[in-house]
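# Coordinates in review
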Amino acid sequence: METTATTLRWAIVFLVTHQDVQKKMQKEIDDVVGRDRRPTMADKMDLPYSTAVVLEMQRKANIVSFNVPRYTTVDTEIGGHSIPAHTTIFPQITSVLDGPDAYADPDRFDPSRFLESDGKTFNKTAMDHFVPFSLGKRVCAGESLARMELFIILLSLVQRYSFDVPKGGSLPDMTPIFGATLTPHPYECKVTLRI
Ligand code: HEM
């Protein structure tokens, strides 16, 4: 699906621009899965750092920054704000995914923000604010499928290949193209087979 493909295009941008994260992820996959078989969902519990990379790249990609609009049918109060009936609201997922209360220094790409200092336990505040699929009754119907696809496809790619800037090339442009989803500008990437 376009949303999953766009998120994966962002993931490669973050790996190219953060070689330290890519190497740490490859080491964890090598140690836990090895190179003779593909990662599966059954490995997820043993791959906390790689799981955190998937979360952080989705937080930073923030592809549905403006959520689907809502319309109040009655006078409503949310968080102390009065919203009259018949008002159209554009909820912004960005305000949560980039909110400094849950994510200190939110502009920084830092997968470890999802983990406690033991490197294994997931940080509750960071996890509670992770809402790229929205929340509530109209939450994304494909969330489970998308999460599984992102985990398996990204880990399989990172296990098998390294991603870097081509010789003489430049780092990808991190400014998103605004549209129904936020997409990365086209970029060049050197892909090297590891196994
Ligand atoms: C990274 C991938 C994806 C992201 C970030 C994403 C995000 C979202 C968001 C933010 C919404 C709006 C929820 C709301 O109105 O509050 C949504 C709705 C929806 N998504 Fe996704 N989505 C993704 C992948 C998928 C996939 C793979 C499918 C289907 C296989 C899917 C199916 C749907 C459907 C059917 C809705 C409408 C739900 C409703 O209005 O009841 N999504 N998605």
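All of these numbers come straight from a predicted model, not from anything done at the bench.

Cut-off values and rules
- Residues numbered from 1 in each chain as written.
- Predicted model: local features only at pLDDT ≥ 70, side-chain atom pairs only at ≥ 80, totals over all residues.
- Heavy atoms only, no water.
- UniProt positions renumbered as here; feature names shortened; annotations may be inferred.
- Buried < 20%, exposed > 50% of the residue type's maximum accessible area, 1.4 Å probe, protein only.
- Phe/Tyr/Trp six-rings, centres within 6.5 Å; stacked < 30°, edge-to-face > 60°.
- Lys NZ or Arg CZ within 6 Å of the ring centre and 35° of its normal.
- Helix = DSSP H or I, 4+ residues; strand = E, 2+ residues; numbered from the N terminus.
- Contact = heavy atoms within 4.5 Å.
- Axes fitted to C-alpha atoms, helices over the stretch in contact; angles between N-to-C directions.
- Parallel < 35°, antiparallel > 145°, perpendicular 65-115°, else oblique.
- Nonpolar A, V, L, I, M, F, W, Y, C, P; charged D, E, K, R; others polar.
- Near = heavy atom within 4 Å.
- Polar contact = N/O pair within 3.5 Å; in protein donor to acceptor, adjacent residues only side chain to side chain.
- Expected span 1.5 Å × (residues − 1).
- Arc of directions from axis to C-beta.

## Points about the UniProt feature "binding site: heme" (unreviewed entry) in the protein
The sites that carry the UniProt feature "binding site: heme" (unreviewed entry) are, in the present numbering, Cys140. Overall, Cys140 belongs to the partly exposed group, its relative accessible area being 34%.

## A few points about the packing of aromatic side chains
This model, assessed by the stated rule, comprises five aromatic pairs. By the ring-pair criterion, three or more aromatic residues cluster together here, those being Trp10, Phe14 and Phe109. The residue whose ring lies beneath Lys44 is Phe151, and the NZ or CZ to ring-centre distance is 5.6 Å.

## Focus on the environment of Ser82
Here Ser82 lies in strand 3 (residues 81-83). For Ser82, a relative accessible area of 63% gives the class exposed. Once residues lying within four places of it in the same chain are set aside, the contact partners of Ser82 are Thr76 and Glu77.

## Overview of the packing of helix 1 (residues 2-17) against helix 2 (residues 19-32)
Pairs of packed helices are described in terms of their axes, by the angle between the two and the distance that separates them. Axis separation between helix 1 and helix 2 bottoms out at 5 Å; the angle between their running directions is 105°. When the interaxial angle is binned, helix 1 and helix 2 end up roughly perpendicular. Of helix 2, the residues touching helix 1 (which contributes Leu15, Val16 and Thr17) are Gln19, Gln22 and Met25. Looking at the contact of helix 1 with helix 2, its residues break down into three nonpolar, three polar and no charged.

## Description of the site of the ligand
Within the structure, the ligand sits among 21 residues, and Asn67, Arg70, Ser134, Arg138 and Cys140 are positioned closest to it. In the model, an oxygen atom of the ligand is placed 3.1 Å from a nitrogen or oxygen of the Asn67 side chain. One nitrogen or oxygen atom from the side chain of Ser134 is found 2.5 Å from an oxygen atom belonging to the ligand. Counting only elements with at least two residues in the shell around the ligand, the list comes to helix 1 and helix 6 (143-160). Here the shell around the ligand gets three residues from one element, more than from any other, and that element is helix 1. Considered class by class, the residues forming the shell around the ligand number 12 nonpolar, seven polar and two charged.

## Side note on helix 2
One turn of the α-helix equals 3.6 residues, which is why residues spaced by three or four share an orientation. The end-to-end C-alpha separation of helix 2 is 20 Å, in line with the 20 Å expected for 14 residues at 1.5 Å each. Those residues of helix 2 lying buried are Val21, Gln22, Met25, Gln26, Glu28 and Ile29. End-on, the buried residues of helix 2 take up no more than an arc of 165°, which puts them together on one face. Of the exposed residues in helix 2, those oriented more than 90 degrees away from the buried face are Asp20, Lys23, Lys27 and Asp31. Where helix 2 is buried, its residues contact helix 1, helix 3 (48-61), helix 6 and strand 5 (161-164). Trailing helix 2 by a residue or two, Gly34 shows a phi angle of about 80°, which is positive.

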